[in-house]
Amino acid sequence: MKGNVIGGKDFVIMAGPCAVETADQLYIIAKEVKKAGVSILRGGAFKPRTSPYAFQGLEEEGLKMLRNVADELKLLIVSEIMDYHSLDLFMKYDIDILQVGARNMQNFALLKELGKIKKPILLKRGMSATIKETLLAAEYVLAGGNAEVILCERGIRTFEDATRNTLDLSAVALFKEMSHLPVIVDPSHAAGRPSIIPALSKAAMAVGADGLLIEVHHDPANAMCDGAQALLPSNLRNMTKELKKLAPVLGRTM
Ligand code: PEP
Ligand code: MN
């Protein structure tokens, strides 16, 4: 993907806001993540919200903002696609990686359409999906002819409620063992709070993940989505510094 490889020796970090809110917000955060050494900007333009009254995303306007900022700062983009009707928009703005969210992991109609395109698909594990179900969902895309699938562990639902979800590190190790696919970890949606994200990120690298998907916001208290789990840009910089120290021990580059 434009010379970038996920699933090689390099440990890749994707970071940015949960949702694209305004052009200014996106630009501020994109500049910060770039400063932290991140090469892939995340940002949702179509948001799958639990409540229909919550902010649903800027849709096409959000994709356009992502493209503009990414071009200016020379970043790649990952953004969530919720249904196949918006696929044309993702192609129009040349979104580099299409994210399938946890709530859509078994949206088979969407997966089949994504199997027909030539763009990497970041497939998030459903919050109650087994490892086998996740691999079979990936298979839908692969079987359609698109070989570029990245699996993402983002925490599963358990009895535990001190964290938003429970990060299943065994799944990361098993995904690596059972498939040839790159695997990344999203500690933001697993933790639901910023304080333990650096620890979970180090654990992810140690267990064999190929990268991370992290939510960052410069003003978490006023974020329109998932502010409670957003890392501040300074936290992200510190975290990447620590990961850079750990990388050589684990045979990774950063
Ligand atoms: C997201 O990445 O903002 C998101 C909605 O994640 P998930 O699908 O894992 O809940
Ligand atoms: Mn989010």
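Refer to the structure printed above.
Residues numbered from 1 in each chain as written. Chains lettered and ligands numbered in written order. Predicted model: local features only at pLDDT ≥ 70, side-chain atom pairs only at ≥ 80, totals over all residues. Heavy atoms only, no water.

Chemist: Tell me about the coordination of the manganese ion (ligand 2), residues and numbers included.
Modeler: For a metal with four donors in a tetrahedral arrangement, the ideal angle between donors is 109.5 degrees, while six donors in an octahedron ideally sit at 90 or 180 degrees. Around the manganese ion (ligand 2), the protein supplies Cys18 (SG), His189 (NE2), Glu215 (OE) and Asp226 (OD) as donor atoms, at distances of 2.1 to 2.4 Å. Spacing between the donor residues of the manganese ion (ligand 2) along the chain follows C-x170-H-x25-E-x10-D. Of this pair, Glu215 sits in strand β8 (residues 211-215) while Asp226 sits in the loop between β8 and α9 (233-246); the two residues are 11 residues apart in sequence, bridging distant segments of the chain. Each member of the pair, Glu215 as well as Asp226, is classed as buried. (Donors = N, O, S within 2.8 Å, 3.2 Å for Na, K, Ca; no water. Helix = DSSP H or I, 4+ residues; strand = E, 2+ residues; numbered from the N terminus. Buried < 20%, exposed > 50% of the residue type's maximum accessible area, 1.4 Å probe, protein only.)

Chemist: How would you sum up the layout of surface pockets? Please name residues and give values.
Modeler: Here the idea is plain: a probe the size of a water molecule rolls over the atoms and shows the empty space left. Of the pockets and cavities examined, the largest pocket occupies roughly 270 Å³. Here the residues of the lining of the largest pocket sort into five nonpolar, six polar and 10 charged. Volume-wise, the second largest pocket comes out at about 220 Å³. Along the wall of the second largest pocket there are 13 residues; nearest its centre are Asp10, Phe11, Ile13, Gly37 and Ser39. (1 Å grid on protein atoms, 1.4 Å probe; cavity = no way out; pocket = protein on both sides within 12 Å on 5 of 7 lines; lining within 4 Å. Points joined across faces, edges and corners; volume = space filled by probe spheres on them. Nonpolar A, V, L, I, M, F, W, Y, C, P; charged D, E, K, R; others polar.)

Chemist: Give me the lowdown on the site of ligand 1, citing residues and values where you can.
Modeler: Every residue lining ligand 1 is accounted for by Cys18, Arg42, Lys47, Glu80, Gln99, Gly101, Ala102, Arg103, Lys124, Arg154, His189 and Glu215. In this structure, an oxygen atom belonging to ligand 1 sits 2.8 Å away from a side-chain N or O atom of Arg42. Within the contact set of ligand 1, an oxygen atom lies 3.3 Å away from a side-chain nitrogen or oxygen of His189. Coverage of ligand 1 by the protein chains reaches 97% of its 290 Å² of free accessible surface. One can see that ligand 1 is located within the largest pocket. Residues of the shell around ligand 1, tallied by class, amount to two nonpolar, three polar and seven charged. (Near = heavy atom within 4 Å. Polar contact = N/O pair within 3.5 Å; in protein donor to acceptor, adjacent residues only side chain to side chain. Areas by Shrake-Rupley, 256 points an atom, 1.4 Å probe, with all protein chains shown as cover. Sits in = over half its atoms within 2 Å of the grid points.)

Chemist: If you had to explain the packing of helix α6 (residues 169-178) against helix α8 (residues 197-207) to someone new, which residues and values would you point to?
Modeler: Contact pair α6 / α8: the axes reach a minimum separation of 9 Å and the direction vectors enclose 25 degrees. By the angle class used here, α6 and α8 are roughly parallel. Crossing of α6 over α8 shows right-handed handedness. Residue-level contacts link Leu169, Val172 and Ala173 of α6 to Ala203, Ala204 and Val207 of α8. (Axes fitted to C-alpha atoms, helices over the stretch in contact; angles between N-to-C directions. Parallel < 35°, antiparallel > 145°, perpendicular 65-115°, else oblique. Left-handed = near helix turned anticlockwise from the far one by under 90°. Contact = heavy atoms within 4.5 Å.)

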